[in-house]
Amino acid sequence: KKRSFTKVSYLDDNSSVSIFPNSELMINGKIKERRISKELILESGIIQVQVLYQDGNEFLLRTKHSELTCNECSFWVNSSDKEDRIYKISGNTYVKNPTLNKILQLESDSTILSIKNSKLTNYKAPITEIKIIELLMLDANEIYSANKQNIIELADTLNGSHKTNNIVVIKLI
C-alpha cells in the first residue's frame, strides 16, 4: 500500500530486507546446517537489502530484468516493468542481465541500470535519485544501520587519518 513498510530479518545471520510501499516480493530459502540459503524474487517496487557474511552461500536476488549475487553487501533496488536500478551501499555485488548474458560489478557511488533485452550499464547516480531513497527511509522511520567498514571509515575521519570530501565532522568542545 501507499504508506506501508516491512522489515524482515533472518535469524541465522541478522541479514535484513526493508520493503517499501507498493512493492511485491517473494522470499525463498533453504536451511542447511543451521544456515539459510537466501533468495528473493522482486516482482516490482523498492527494497533495501543488507546481507551479512554468507558462510559458503551466495545471496541471490532475481527481478524481471536482473540477477544480483553477493556474499556480504548492502544495496537498494528499484524495480519496475521497464527496468531495474540497483544502488550500491557496500560490498562486492554482481549484477547479471540474463537476456544479454552480461555481468557487471556494482562499484562505489554508482548505479546499475538493467533493461531486459536492451541494456546493462553502470553510471553515477544523480542526487535526485539518492534523495528519493533518503525520503523513503525518513518516511518509514527507518534508521540506516552502517556496516563495519563505514564505522571504521568514520572513526578514521574523526581521528584525522582518513581524508574524504563528502563528510563534515564538527567537534564540540
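A few points on the structure. Keep in mind that this is a model prediction, so the values were computed, not measured.

Bringing the environment of Gln54 into the picture now. As for its position among the elements, Gln54 is in the loop between β4 (35-51) and β5 (59-62). Each C-alpha atom, one on Gln54 and one on Ile36, is 8.7 Å from the other, the two residues being 18 residues apart in sequence. In contact with Gln54, other than residues within four places in its own chain, are Asp13, Ser15, Arg35, Ile36, Lys38, Phe59 and Asn71. A distance of 2.5 Å separates a polar atom in the side chain of Gln54 from a polar atom in the side chain of Asp13. At 3.5 Å, the side chain of Gln54 and the side chain of Ser15 are in polar contact.

On to the state of the cysteines. Considering all chains together, one arrives at 1 disulfide under this definition. Covalently, Cys70 is tied to Cys73 through a disulfide, its sulfur atoms 1.9 Å apart. Across the disulfide from Cys70 to Cys73, rotation about the S-S bond amounts to roughly -45°, and the bridge is consequently left-handed. Take Cys73: its relative accessible area is 2%, and that puts it in the buried class.

Before going further, it helps to spend a moment on the environment of Ile133. Its place among the elements puts Ile133 in helix α1 (residues 127-139). The spacing of Ile133 and Ile47 is 86 residues in sequence and 9.8 Å in space, taken between C-alpha atoms. Once residues lying within four places of it in the same chain are set aside, the contact partners of Ile133 are Trp76 and Tyr87.

This next bit is on the pairing of β4. Burial within β4 is extensive, with 12 of its 17 residues counted as buried. Pairing analysis gives 9 bridges linking strand β3 (residues 24-32) to β4, with the strands arranged antiparallel. By the bridge assignment for β4, Leu25 is matched with Leu42. What sits between the antiparallel neighbours β3 and β4 is a turn of 2 residues, in which Glu33 has the positive phi angle 50°. Examined bridge by bridge, β4 and β5 share 3 bridges and lie parallel to one another. In the strand pairing of β5, Leu40 is matched with Leu61. As paired strands, β4 and strand β6 (residues 67-79) are joined by 7 bridges and run antiparallel to one another. Its bridge partner being in β6, Gln50 is matched across the sheet by Ser74.

About the thresholds
Residues numbered from 1 in each chain as written. Predicted model: local features only at pLDDT ≥ 70, side-chain atom pairs only at ≥ 80, totals over all residues. Heavy atoms only, no water. Helix = DSSP H or I, 4+ residues; strand = E, 2+ residues; numbered from the N terminus. Contact = heavy atoms within 4.5 Å. Polar contact = N/O pair within 3.5 Å; in protein donor to acceptor, adjacent residues only side chain to side chain. Disulfide = S-S within 2.5 Å. Buried < 20%, exposed > 50% of the residue type's maximum accessible area, 1.4 Å probe, protein only. Pairing = 2+ DSSP bridges.

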